[in-house]
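Results of the structural survey
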Amino acid sequence: GSYKNILVEKKGDKSQVGFVRLNRPKALNSLCDDLLRELNVAFREFDADPSVKAIVLTGSSKAFAAGADIKEMQPKTYSTVFGTNFINDWTEMLRIRKPIIAAVNGYALGGGCELAMMCDIIYAGDSAKFAQPEIRLGTIPGAGGTQRLPRAVGKSKAMEMCLTGDMITAKEAESAGLVSKVVPADKLEAAALDLAERISRMSLMAIYAAKESVNAAYEAPLSQGLLLERRLFHASFGTRDRSEGMSAFTEKRAAEFKDE
Ligand code: HXC
């Protein structure tokens, strides 16, 4: 596509990984409206592309994203942001069914941290820094920071971050549960790509079901989440790939999934 703020390609041994790089270096990948529109188009196209099974979202070595674009927000008034439902299009990516892995090097601040948290898995380079600095601008997080951060790191640390804007390191983010793995910064993209390739070897039917079911853990009461899980587990018995997976195990061979 003809994107101005992102670079989009397919990677992996079978081009099965959709790869998106935030590419607005002059503003440390701050997330202007145009960038978000482009990101949503790229995600939607990968979601619809039958050859793609997982997506990696990354930035540069200096910044994953330094937040929403402060210069673009500065002149906005209450009636503009309320009237246009500013930030609403950020939630479009929550409808993407394929797993999205955020590979975070450098700054993930404000909307950048929130964008990473809207992904399904976060890997961080060892020099990554996470923060919700909105309070220093006289505002608060607007794309999930006050909601997803407490679920990820607990109330005390989330409250401290939202009230001070202080950054946490990759190591702290890992021990708090915000990121699932920290690797040397120069190995981050390879690690995220390897993860995406390993996921891509699974049946897309099971990938969709697993993502949908884990996400229900954040939305539904336990009994409803467990019920959805049970139904999706049962439904997997209607797929060709579930039958193949269990046959392959009994026959001591590798499963060949066909996403059916
Ligand atoms: C617009 C930004 C920006 C941002 C950096 N830049 N962050 N422009 N919006 N969020 C621009 C700078 O103005 C500068 O451009 C260029 O990027 C390089 O940044 P520097 O500040 O010169 O770099 P450095 O000294 O290395 O400091 C890096 C930094 C700092 C610590 C990340 O840039 C910073 O504090 N940025 C703001 C972080 C922030 O407050 N994020 C939250 C935003 S609010 P020029 O042309 O001036 O040299 C938010 C709300 C979300 O995200 C709500 C819902 C989505």
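Preceding block: the structure.
As the structure is a prediction and not an experimental result, all values here were calculated from the model.

In terms of residue burial, strand 7 (residues 121-125) counts as a mostly covered element, since four of its five residues are buried. As defined by bridge partners, strand 5 (residues 100-104) adjoins strand 7 across four bridges and the pair is classed as parallel. Each bridged residue has a counterpart across the sheet, and for I101 the counterpart in strand 7 is I121. Sheet analysis places strand 7 next to strand 10 (residues 181-183), joined by three bridges and oriented parallel. Its bridge partner lying in strand 10, Y123 is registered against K181.

Right, let's talk about the site of the ligand for a bit. As a structural note, the neighbourhood of the ligand is formed by 24 residues, with K62, A66, A68, I70 and G111 the closest of them. Measuring from an oxygen atom of the ligand, one finds a backbone N or O atom of K26 at 3.4 Å. One of the side-chain nitrogen or oxygen atoms of K62 is found 2.7 Å away from an oxygen atom of the ligand. Within the complex, the protein chains bury 66% of what would otherwise be the 1,000 Å² of accessible surface of the ligand. Those elements that place two or more of their residues in the shell around the ligand are helix 2 (70-73), strand 6 (107-109) and helix 4 (111-118). If one sorts the elements of the shell around the ligand by residue count, helix 2 sits on top with three residues. Among the residues making up the shell around the ligand, the classes are represented as 13 nonpolar, five polar and six charged.

Bringing a nonpolar patch on the surface into the picture now. Residues I135, M159 and L163 make up a contiguous nonpolar surface patch of about 270 Å² in total accessible area. Mapped onto the fold, M159 is located in helix 6 (residues 155-164).

Thresholds applied
Residues numbered from 1 in each chain as written. Predicted model: local features only at pLDDT ≥ 70, side-chain atom pairs only at ≥ 80, totals over all residues. Heavy atoms only, no water. Buried < 20%, exposed > 50% of the residue type's maximum accessible area, 1.4 Å probe, protein only. Helix = DSSP H or I, 4+ residues; strand = E, 2+ residues; numbered from the N terminus. Pairing = 2+ DSSP bridges. Near = heavy atom within 4 Å. Polar contact = N/O pair within 3.5 Å; in protein donor to acceptor, adjacent residues only side chain to side chain. Areas by Shrake-Rupley, 256 points an atom, 1.4 Å probe, with all protein chains shown as cover. Nonpolar A, V, L, I, M, F, W, Y, C, P; charged D, E, K, R; others polar. Patch = residues over 30% accessible without salt bridge, like charges linked within 9 Å, V, L, I, M, F, W, Y side chains within 5 Å. Salt bridge = Lys/Arg side-chain N within 4 Å of Asp/Glu carboxyl O.

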